[in-house]
Amino acid sequence: MNALIHQDFSDNSSGPLIEIFEDRIEITNPGIPLVEIDRLLDEPPKTRNRKIVRFMREARLCEDAGSGVDRVVENTEQNLLPPPLWEVFGNSSLRVTLFSYMDFKFINRKDRLRACYLHSCLKYIEKSAMTNASLRKRFGLEDKHSSQVSRLISTAIEAKLIKPFEVTQNRRSTKYLPFWA
């Protein structure tokens, strides 16, 4: 439904394309997002097809506008899946990739960082903040992995994806926000 709602109908060279692979699903859609992909979780919803949105809501084919990305991120976290990936191709299309389950030790560094960033965004829109404990829970890791998660958080700070909630906070109870908060 999201692909139909957000596609750019002025591009008649293609429509939504859904490809199912053994380890992922890729949904490619004509048209680029109307907001930056780093801000899909927190920006107010925007659509280029208001009439389609209204019809789909009235037909109960979709829920409130702007809740799709939030639900996708929440569900990937609840099911301990690698984070979704949004890729913009020039000025023509967007691809969303949803991955199947993968044990934490097999998730690459880039995907771990994206998961950390998205987790901080999700916590922020829930009026909360990310912690080492919440990120461990997101990955399904036990307390004994706190140093590994601390290193991931440090790397995410260095990459300017997240930032400490307060500069003077106690190290044990450190909270983190997305870089833009």
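Preceding this section is the structure that the text describes.
Residues numbered from 1 in each chain as written. Predicted model: local features only at pLDDT ≥ 70, side-chain atom pairs only at ≥ 80, totals over all residues. Heavy atoms only, no water.

(A) Region of interest: the overall build of the protein. Counting its secondary structure elements, the protein contains 6 helices and 6 strands. When the helices and strands of the protein are listed from N to C terminus, the series reads α-β-β-α-α-β-β-α-α-α-β-β. Compactness check: the protein gives a C-alpha radius of gyration of 18 Å against a globular reference of 16 Å for 181 residues, within 12% of the reference. The principal-axis extent of the C-alpha atoms belonging to the protein is close to 55 × 35 × 30 Å. A burial count over the protein gives 37% of its 181 residues as buried. Total accessible area computed for the protein in this model is approximately 11,300 Å², and 51% of it derives from carbon and sulfur atoms. (Helix = DSSP H or I, 4+ residues; strand = E, 2+ residues; numbered from the N terminus. Rg over C-alpha atoms; globule rule 2.2 N^0.38 Å. Buried < 20%, exposed > 50% of the residue type's maximum accessible area, 1.4 Å probe, protein only. Areas by Shrake-Rupley, 256 points an atom, 1.4 Å probe, with all protein chains shown as cover.)

(B) Here's a closer look at the nonpolar core. One finds Cys116, Met130, Leu135, Phe139, Leu152, Ile153 and Ile162 to be the most contacted residues of the largest nonpolar core, which totals 15 residues. Elements with a contribution of two residues or more to this core: helix H4 (109-125), helix H5 (132-139) and helix H6 (146-158). In terms of residue count, H6 provides more of this core than any other element does, 4 residues in total. If near-sequence neighbours (up to four positions away) are discounted, Cys116 is found in contact with Met130, Leu135, Leu152, Ala156 and Ile162. In this structure, Val69, Val96, Leu118 and Trp180 belong to the second largest nonpolar core, which totals 13 residues. (Core = buried A, V, L, I, M, F, W, Y, C linked by side-chain atoms within 4.5 Å. Contact = heavy atoms within 4.5 Å.)

(C) Inspection of the layout of surface pockets at higher detail. Reported here for the largest pocket is a volume of approximately 1,100 Å³. Residue lining of the largest pocket: 42 residues in total, with Asn2, Ala3, His6, Gly68 and Val69 positioned closest to the centre. Those elements giving two or more residues to the lining of the largest pocket turn out to be helix H1 (2-6), strand S2 (24-30), helix H2 (50-58), helix H3 (68-78) and strand S4 (93-99). Ranked by residues supplied to the lining of the largest pocket, first place goes to H3 with 6 residues. Partitioned by chemical class, the residues of the lining of the largest pocket number 25 nonpolar, 9 polar and 8 charged. (1 Å grid on protein atoms, 1.4 Å probe; cavity = no way out; pocket = protein on both sides within 12 Å on 5 of 7 lines; lining within 4 Å. Points joined across faces, edges and corners; volume = space filled by probe spheres on them. Nonpolar A, V, L, I, M, F, W, Y, C, P; charged D, E, K, R; others polar.)

(D) Quick look at the side chain of Asn29. Following the sequence through the fold, Asn29 ends up in strand S2. Those residues in contact with Asn29 that lie beyond four places of it in its chain are Ala3, His6, Gln7, Pro16, Ser92, Ser93 and Leu94.

(E) Structural detail: the pairing of S4. Counted residue by residue, S4 has 5 buried out of 7 residues, so it is predominantly covered. Relative to S4, strand S3 (residues 85-89) is paired through 5 bridges, and the arrangement is antiparallel. In the strand pairing of S4, Trp86 is matched with Val96. Between S3 and S4, which follow one another and run antiparallel, lie 3 residues, and Gly90 among them has a positive phi close to 55°. (Pairing = 2+ DSSP bridges.)

(F) Spotlight on the pairing of S2. Direction of pairing for strand S1 (residues 17-20) relative to S2: antiparallel, over a ladder of 4 bridges. The residue bridging Glu19 from the neighbouring strand is Glu26, located in S2. What sits between the antiparallel neighbours S1 and S2 is a turn of 3 residues. In this sheet, S4 lies alongside S2 in antiparallel orientation, the contact comprising 7 bridges. Pairing of Thr28 across the sheet is with Arg95, part of S4.

(G) Looking closely at the environment of Leu177. Structurally, Leu177 can be placed in strand S6 (residues 176-178). Exposure remark for Leu177: the relative accessible area of 9% places this residue in the buried category. The spacing of Leu177 and Asp23 is 154 residues in sequence and 30 Å in space, taken between C-alpha atoms. If we ignore the near neighbours within four places in the chain, the residues touching Leu177 are Ser120, Tyr124, Ser128, Ala129, Ile162, Lys163 and Phe165.

(H) Highlighting the packing of aromatic side chains. Evaluation of the coordinates by the stated rule reveals 3 aromatic pairs. Where Tyr117 meets Phe179, the ring centres are 5.8 Å apart and the plane angle is 25°; that geometry is what we call stacked. Remark: Phe179 occurs in the segment after S6 and Tyr117 occurs in helix H4; sequence separation between them is 62 residues. Residues Tyr124 and Trp180 carry aromatic rings whose centres are separated by 5.2 Å and whose planes lie at 90° to one another, so their mutual orientation is edge-to-face. (Phe/Tyr/Trp six-rings, centres within 6.5 Å; stacked < 30°, edge-to-face > 60°.)

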